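Breakdown of the fold
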Amino acid sequence: MFIGHYGMALALKRAEPKLSLGTLFIAVQLVDIAWGATILLGLERVQIHPGWTAATPLQFVYYPITHSLLAAGLWAAAASIAWYTWPTKDTSGHGRAALIVALAVASHWFLDLVVHVPDLPLAGNDSAKFGFGLWNSIPLTFTVELALLGIGLALYLRGGSRNHPVRRGWAVGFAAVLAAAYIATTLGPPPPSVRAIGISAIAMLLTLAAVGGWIDRGRSTRATR
Ligand SMILES: [Zn+2]
């Protein structure tokens, strides 16, 4: 799953306006950012297998540190605690916002579950593995990914307030570019190396978070993050 995670972030922004879209973009993709690091460090393993599934040539051989259900829960708890304890003056509704951060991080596993072939472990690599395998069909993959992004964007655009104004043009433009880039990459050639996957995953996901934070920067004088 890729753009669907951003749909989730856009929707959660409406559930908790206090959270910046930049924070939410990092949260929903936190385990993929970590995965970029673990494959570069050799702690987790992925292989490039053109044709492994219709939608991706990546065969996830070993990734319980970032993509087991147990790990998703631990990453969610850690991110939530980090967010909650981060120094800030604006502590109103802080506990609720920290819960939404946890939800955003944990949502990654459940959205991945829809598209991955059964390679997502419950805990260790030897535990039961799950995945509904939507990646075996490009039309189904695109339909679900685009629908999730579209629903999230619609919810995001419908919300907004004086304190948290919506930059409609930028938000729609961002979603359109993201969707086009995702479709082009999926239909394009496989990545050249695992190293390239790791570096580009980290760089791209952090860049998207920076763009999200920028799009979300309203004219509010209240501190938001
Ligand atoms: Zn993932």
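Residues numbered from 1 in each chain as written. Predicted model: local features only at pLDDT ≥ 70, side-chain atom pairs only at ≥ 80, totals over all residues.

**Side note on the overall build of the protein chain**
A count of helices and strands for the protein chain gives 9 helices and 4 strands. Start at the N end of the protein chain and walk to the C end: the helices and strands fall as α-α-α-β-β-α-α-α-β-β-α-α-α. A globule of 225 residues ought to have a C-alpha radius of gyration of about 17 Å, and the protein chain, at 17 Å, matches this closely. Projected onto the principal axes, the alpha-carbon positions of the protein chain cover approximately 50 × 35 × 25 Å. The buried share of the protein chain, reckoned over its 225 residues, is 38%. (Helix = DSSP H or I, 4+ residues; strand = E, 2+ residues; numbered from the N terminus. Rg over C-alpha atoms; globule rule 2.2 N^0.38 Å. Buried ≥ 20, exposed ≤ 12 C-beta atoms within 10 Å, placed from the backbone.)

**Quick notes on the nonpolar core**
Judged by nonpolar contacts, the single largest core of 57 residues is most densely connected at Ala9, Val101, Ala104 and Val105. In terms of residue count, the dominant contributor to this core is helix H6 (residues 94-115) (10 residues). Ignoring sequence-local partners within four residues, the contact set of Ala104 consists of Met8, Ala9, Leu12, Leu24, Ala27 and Val28. (Core = buried A, V, L, I, M, F, W, Y, C linked by C-beta atoms within 7 Å. Contact = placed C-beta atoms within 7 Å.)

**Here we look at H6**
The end-to-end C-alpha distance of H6 is 33 Å, a good match for the 32 Å that 22 residues give at a rise of 1.5 Å each. A bend of about 30 degrees at Ser107 is the largest found in H6. (Expected span 1.5 Å × (residues − 1). Bend = angle between axes of the 7 residues up to and from the residue.)

**Re the packing of helix H3 (residues 30-41) against helix H9 (residues 194-215)**
How two helices pack is summed up by the angle between their axes together with the distance between the axes. With their axes 8 Å apart at the nearest point, H3 and H9 run at an angle of 150 degrees to one another. Considering the angle they form, H3 stands roughly antiparallel to H9. The way H3 lies across H9 gives a crossing that is left-handed. Facing Asp32, Ile33, Trp35, Gly36, Ala37, Ile39 and Leu40 of H3, the residues of H9 in contact are Val194, Arg195, Ile197, Gly198, Ile199, Ala201, Ile202, Leu205 and Leu206. In terms of residue class, the contact of H3 with H9 is made up of 12 nonpolar, 2 polar and 2 charged. (Axes fitted to C-alpha atoms, helices over the stretch in contact; angles between N-to-C directions. Parallel < 35°, antiparallel > 145°, perpendicular 65-115°, else oblique. Left-handed = near helix turned anticlockwise from the far one by under 90°. Nonpolar A, V, L, I, M, F, W, Y, C, P; charged D, E, K, R; others polar.)

**With respect to the confidence of the model for the protein chain**
Mean pLDDT over the protein chain works out to 93, with 96% of the residues at or above the 70 mark. Across residues 219-225, confidence stays below pLDDT 50; counting only partners more than four residues off in sequence or on other chains, it has 13 contacts. (pLDDT = per-residue confidence, 0-100.)

**Details of the environment of Gly152**
Inspection of the secondary structure puts Gly152 in helix H7 (residues 138-158). Linking Gly152 and Ala72, residues 80 residues apart in sequence, is a C-alpha distance of 22 Å. When near neighbours in sequence (up to four residues on either side) are disregarded, Gly152 contacts Tyr6, Gly7, Met8, Ala9, Leu10 and Ala11.

**Description of helix H2 (residues 21-28)**
For H2, the tally of buried residues reaches 8 of 8 residues, placing the bulk of the element in the interior. Residues of H2 that are buried in the fold lie against helix H1 (3-15), H3, helix H5 (69-85), H6 and H9.

**With respect to the packing of H1 against H7**
In contact at an axis separation of 7 Å, H1 and H7 are set at 20 degrees when each is read in the N-to-C sense. For the element pair H1 / H7, the angle class is roughly parallel. Crossing of H1 over H7 shows left-handed handedness. Where H1 approaches H7, its residues Ile3, Gly4, Tyr6, Gly7, Met8, Ala9, Leu10, Ala11, Lys13 and Arg14 are matched on the opposing element by Val144, Glu145, Leu148, Leu149, Ile151, Gly152, Leu153, Leu155 and Tyr156.

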